[in-house]
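# Observations on the model geometry
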Amino acid sequence: MSATPPPAPDGAPAWRDTTLTPEARADALVAAMTLREKTAQLVGVWVGASDVGGEVAPHQHEMDDPPNLDTLLPYGLGQLTRPFGTAPVDPALGALSLMRTQRRIADANRFGIPALAHEECLAGFAAWGATAYPVPLSWGAAFNPALVRRMAAAIGRDLRAVGVHQGLAPVLDVVRDARWGRVEETIGEDPYLVGTIATAYVQGLESAGVVATLKHFAGYSASRAGRNLAPVSMGPRERADVILPPFEMAVREGRPRSVMHAYTDTDGIPGAADESLLTGLLRDTWGFTGTVVADYFGIAFLKTLHGVAEDWPEAAALALTSGVDTELPTVKTYGQPLLDAVATGLVPEWLIDRALHRVLVQKAQLGLLDPDWDPVPDVLVDTDRSEPEALRGTVDLDRPANRALAAELAEQAVVLLRNDGLLPLRDPARIALIGPNADEPTAVLGCYAFPVHVGGQHPKVPLGIELPTLSQALRAEFTGSEVRTVRGVSVDGEDATGIPEAVRAARQADVVVLALGDRAGLFGRGTSGEGCDAESLELPGIQGELMDALLDCGTPLVVTLLAGRPYALGRAVSEAAAIVQCFFPGEAGTQAVAGVLSGRVNPSGRLPVSIPAHPGVQPSTYLAARLAQASGVSNTDPTPAYGFGHGLGYSEFTWSGLAVETDETGTDGEFRLAFDLRNDGGRAGSEVVQLYLHDPVASVVQPVQRLIGYRRIELSEGAGCRVELVLPADLASFTGRGGHRIVEPGALELRIAASSTDARFTVPLRLTGPVRPLDHTRRLHPTITERALPTPKSLGAPVS
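Note on numbering: residues in each chain are counted from 1, in written sequence order. Thresholds applied to this predicted model are a pLDDT of at least 70 for local features of residues and 80 or more for the giving and counting of side-chain atom pairs; totals over whole chains, interfaces and linings are not thresholded and use all residues. Neither water nor hydrogens contribute to the side-chain values; these are computed over all heavy atoms in the structure.

### Digging into the overall build of the protein
For the purposes of this entry, the term helix denotes a DSSP run of H or I that reaches at least four residues, the term strand denotes a run of E that reaches at least two, and both are numbered from the N terminus. Each helix and strand in the protein was counted, giving 21 helices and 30 strands. Overall, the protein is about 80 × 70 × 55 Å in size when its C-alpha atoms are taken along their principal axes. At a minimum sequence separation of 6, the contacts of the protein that also span at least 24 residues come to 79%. Counting only carbon and sulfur atoms, one obtains 50% of the accessible surface of the protein, whose full area is about 28,100 Å². Looking at the protein, you have 67 positive and 95 negative side-chain charges, and the mean spots of the two groups are 3 Å apart. We call two residues contacting when some pair of their heavy atoms lies within 4.5 Å. Here the Shrake-Rupley method, with its probe set to 1.4 Å, supplies the accessible areas, and only the displayed protein chains count as covering residues. We treat Lys and Arg as the positive residues and Asp and Glu as the negative residues; His and chain ends play no part in the count. By convention, the charge on Lys lies at NZ, on Arg at CZ, on Asp at CG and on Glu at CD.

### Considerations on the packing of helix α1 (residues 22-32) against helix α14 (residues 349-365)
Each axis is a line fitted through C-alpha atoms, taken for helices only over the stretch in contact, and angles between the N-to-C directions span 0 to 180 degrees. Contact geometry of α1 with α14 gives a least axis separation of 8 Å together with a crossing angle of 125°. Considering their axes alone, α1 and α14 lie oblique with respect to each other. The chirality of how α1 crosses α14 is right-handed. Facing α1, whose interface residues are P22, E23, R25, A26, D27, L29 and V30, α14 presents D353, L356, H357, L360, V361, A364 and Q365. Of the residues assigned to the contact of α1 with α14, the class counts are 8 nonpolar, 2 polar and 4 charged. Should an angle fall under 35 degrees it is taken as roughly parallel, and over 145 as roughly antiparallel, whereas 65 to 115 is taken as roughly perpendicular and any remaining angle as oblique. For a crossing to be left-handed, the near helix must be turned anticlockwise from the far one by less than a right angle; the clockwise case is right-handed. Amino acid classes used here: Ala, Val, Leu, Ile, Met, Phe, Trp, Tyr, Cys and Pro are nonpolar; Asp, Glu, Lys and Arg are charged; the rest, including Gly, are polar.

### Some words on the packing of aromatic side chains
Only centres within 6.5 Å qualify two rings of Phe, Tyr or Trp (six-membered ring in Trp) as a pair; their planes then separate them into stacked at under 30 degrees, edge-to-face at over 60, and tilted for everything else. For the structure on display, the rule yields 17 aromatic pairs. Seen in terms of ring centroids, W46 and F297 are 6.4 Å apart; in terms of plane orientation they differ by 40°. Their pairing is tilted. Here W46, found in strand β1 (residues 44-48), pairs with F297, found in the loop between β10 (291-293) and α11 (301-304); they are 251 residues apart in sequence, far enough to count as distant. Partly exposed describes any residue whose relative accessible area lies between the buried limit of under 20% and the exposed limit of over 50%, with all areas from a 1.4 Å probe on protein chains only and scaled to the type maximum. On the basis of relative accessibility, which here comes to 13%, the residue W46 falls in the buried class.

### Side note on the pattern of salt bridges
Opposite charge on two side chains lets them pair, provided their charged atoms get close. Within this document, salt bridges are pairs made up of a side-chain nitrogen of Lys or Arg and a carboxyl oxygen of Asp or Glu, the two lying within 4 Å of each other. Under the criterion given, the structure shown has 42 salt bridges. For E185, the salt bridge is made with R182, and the minimal N-O distance between the two is 2.7 Å. The two residues E185 and R182 agree in class, both being buried. One network of salt bridges, in which partners are shared, links D548, D552, R571 and E575.

### Looking at the layout of surface pockets
Roughly 1,100 Å³ of volume is contained in the largest pocket. In this analysis a 1.4 Å probe is tested at points of a 1 Å grid over the protein atoms alone, and where it fits but cannot get out there is a cavity; an open set with protein on both sides within 12 Å along at least five of seven lines is a pocket; lining residues have an atom within 4 Å of a point. Lining the largest pocket are 50 residues, and of these R176, D241, V242, L623 and P703 sit closest to its centre. Mapped onto the lining of the largest pocket, the elements with two or more residues apiece are α7 (191-207), α8 (236-243), α9 (245-254) and β23 (706-715). Here the lining of the largest pocket takes 5 residues from α8, the largest share from any one element. Grid points are joined across faces, edges and corners, and a volume is the space filled by probe spheres set on the points.

### Points about the nonpolar core
In these notes, a set of buried Ala, Val, Leu, Ile, Met, Phe, Trp, Tyr and Cys residues joined through side-chain atoms within 4.5 Å is what counts as a nonpolar core. The biggest cluster of nonpolar side chains holds 127 residues, and the ones touching the most others in it are F84, F125, M151, Y201, F217, Y334 and V347. Once residues lying within four places of it in the same chain are set aside, the contact partners of Y201 are C121, W139, V148, M151, A152, I155, A169 and P170. By size, the runner-up hydrophobic cluster in this structure holds 98 residues, among which are L168, Y220, I465 and V513.

### A few points about the environment of G367
Relative to the assigned elements, G367 resides in the loop between α14 and α15 (400-413). On the basis of relative accessible area, G367 is assigned to the buried category, the value being 14%. For the pair G367 and R16, spaced 351 residues apart in sequence, the C-alpha separation works out to 9.8 Å.

### Section: helix α10 (residues 275-285)
Among all positions of α10, only L277, L278, T279, L281, L282 and R283 are buried. The positive-phi residue at the C-terminal boundary of α10 is G287, with phi of around 80°.

### What to know about the sheet that holds strand β6 (residues 211-217)
Strand pairing is assigned whenever DSSP identifies at least 2 bridges connecting the two strands. Taken in spatial order, the 8 strands of this open sheet run β2-β1-β3-β4-β5-β6-β7-β10, and their pairing is mixed. Two strands bound the open sheet, and with one partner strand each, they are β2 (57-58) and β10. Packed onto the sheet, α14 meets β4 (116-119), β5 (166-167), β6 and β10 and runs at close to 110° relative to β10.

### A look at helix α12 (residues 312-322)
Within α12, burial applies to P313, A315, A316, A317, A319, L320 and S322. Tucked into the core, α12 has its buried residues touching α10, α11, α13 (336-343) and α14. The N-terminus of α12 is capped by D311, whose side-chain oxygen sits 2.9 Å from the backbone nitrogen of E314. Trailing α12 by a residue or two, G323 shows a phi angle of about 125°, which is positive. Any N or O atom pair separated by 3.5 Å or less is treated as a polar contact, with the protein-specific requirement of one donor-capable and one acceptor-capable atom, and with residues adjacent in sequence counted only for side-chain atom pairs.

### Topic: the confidence of the model for the protein
Confidence of the prediction at every residue is given by pLDDT, a number between 0 and 100. In this model, the protein carries a mean pLDDT of 95, and residues with pLDDT of at least 70 account for 97%. Below pLDDT 50 for its whole length, residues 795-800 participates in 18 contacts with residues either more than four positions away or in separate chains.

### What about the environment of A230?
Relative to the assigned elements, A230 resides in the loop between β6 and α8. Among the residues examined, A230 registers a relative accessible area of 3% and is labelled buried. Between the C-alpha atom of A230 and that of E477, which follows or precedes it by 247 residues, the distance is 45 Å. Those residues in contact with A230 that lie beyond four places of it in its chain are S223, R224 and T264.

### Notes on the sheet that holds strand β29 (residues 772-773)
One open sheet accounts for 3 strands, arranged β25-β26-β29; its pairing is antiparallel. On the outer flanks of this sheet lie β25 (734-735) and β29, each paired with one strand and no other. Pairing geometry for strand β26 (residues 741-743) and β29, over 2 bridges, is antiparallel. Bridge assignment links I742 to a residue of β29, and that residue is P773.

### Concerning the state of the cysteines
The rule for a disulfide is simple: a pair of cysteine sulfur atoms within 2.5 Å. Applying the stated criterion across every chain yields a total of 0 disulfides. The thiol sulfur of C121 is not disulfide-bonded, and the nearest other cysteine sulfur, from C447, lies at 14 Å. Unpaired in terms of disulfides, C447 finds its nearest cysteine sulfur in C532, a separation of 7.2 Å. Judged by its relative accessible area of 0%, C447 falls in the buried class.

### Focus on unusual backbone geometry
Along the chain, A169 connects to P170 via a cis peptide bond; the corresponding omega equals 10°. Secondary-structure assignment places P170 in the loop between β5 and α7. Of note in this structure, F297 is not a glycine but carries a positive phi near 65°. Residue classification places F297 among the buried positions, given a relative accessible area of 16%. Despite not being glycine, D427 has its phi angle at roughly 45°, a positive value. Counting through the fold element by element, D427 comes out in the loop between β11 (415-419) and β12 (430-434).

Right, here's the structure in full:
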């Protein structure tokens, strides 16, 4: 082995010197390492924490046999993969297990370097007993970046408290085809909404000292026919103007320290082997300085699935050259195959040094190279660790504050699609609660929530968190009502024998609440989730048949959906008394739904994805050009039943007083407008002001409209505010014929709207001057401010 690093003035090696920059410390350590020690820092090992507090054990998975830790650890280890998220483990004992393993890792290598531990945190820390927050599609529905930032900070604090350093979230994939199983993991079908919400999540997670990981870079959600891991067919302009802007925004404004490549190939180039994307755009153009990590087994897939590598050394060479720094979830190609690639001249050692430097900078930032590094996590400080069983049950990852935050987000994410005046319900004597999700605890969870993702493989282990069913929530909400629950049909089965009982219950009730939707799962074990793609957007199984039978009864019907994607709702769109849409709203989700039904909660969610009118119109989103709209030359009509941004509430808002200060400006200028918004309803409520841009004539085809800004505004009863808008011309930019972003002169139309289908003001605007080129430093947001208006004396409440 090589000589130890040069000492600092106090005798410690330079890489231990905390007065030096992380970059200088990393340089010193790189110079001191052997080649095998270097490659050891570029791999993870998939492990599971011990439920008795012992050291972690390598995880047996389908892709390969687990590695031998005794063989690996003398050279060091880059990452530990999912110690808490592999099997149910008490959080305190899991933290003890991770602590002991980190000590073993540090003691085994000559530099004393521990591993970086990562976990999934898509909708909360994916660990047994941790809070299950709403899925990202619900974050989008809330249109509230500040609330998502608070949630992410809470998730980050729980991760760090038990010794985890990196979270594999958020997902910035823009929905292009709602048949894709992972729609529940996305934030929506609009890049601006995705970018702003994801950036807030990154800011929250990083504020807690946890490395946020942007994924999946880039284009995964645009796979053909909505099939998981299918090829992606898109041109460079769609990629530049739809897929990449959320990542660009998050890199600029969120400062994430990690990015994960996408599994898919775009026009024949796999994400893990796309140097122009992972290095040219991400680093050289956008200035990203963190680590690029592999999606699980993604480097091996270059050989096994993509067929662009003949063997493991070539797969390693392709990924490393392109810019993938760390192989996850476990060592495969960056172990001996990478060493072989160096020996044969396929990979120059400087490429390994480049990736290693990035990895070690991150470890320095996290304190893992400090001389006083201590593996004891916060939750085990000042505890007696000699008796592990005494620690069981002492760490709470679902504290009341977490649950309150989950409830706040769930309530803001409920979208009221339709209401003929029935809601809120006024103490009905008899409620018939019918449907496959009426009495199912996990109906509120997405596929990456621990009770679904891992717990399903351990049916004898308790869920670990309270998950009240909709039946329980309705009984608690409507204490004076008789609630009868009938399943009727399963989520995806074909057995219709329960429908007659459901019909009888409906006819005997004053109101029917129909609980439809999905069952989250993985790789075909659910109707939504990774690998659970749909052939059409018909309700799964025979849920539509159940709904039609209940509509025929004549009893007022409230359709509720606990789902991972939008579905065509058939006759309910015109015949149901009300429709309440939820996207896997998390552990507090059923109480949020019950609160909306009773009126305790004033619904304020807005659709982050369009609800189709017909089940077979995919791929289709609101972000579509003129040729993608309904026309007389095609017999399929993609017009949605409910458009992006739609949502109702129990308050009435008046939009008035539009004033346009600037309706013409140069291609380097800005527009200025203002209008009044007042809550004229009988209770406090929220309105989501949405700004859409229409470009009637451009040098390349544009979507008919696209979101360029929004603001969630909360007003008490009778209160009003003056909403002032400043719109930089940069917001009108797009990728021109030459492949570069430009602002063109010409006419524009601003739609100040309550949704993509409900413009309240339509304002003609004009840009003048020359075509102006832009780059990644352009302005990304409008400025939207609120100024309180005088409140009528009879009401008295100020703007909230």
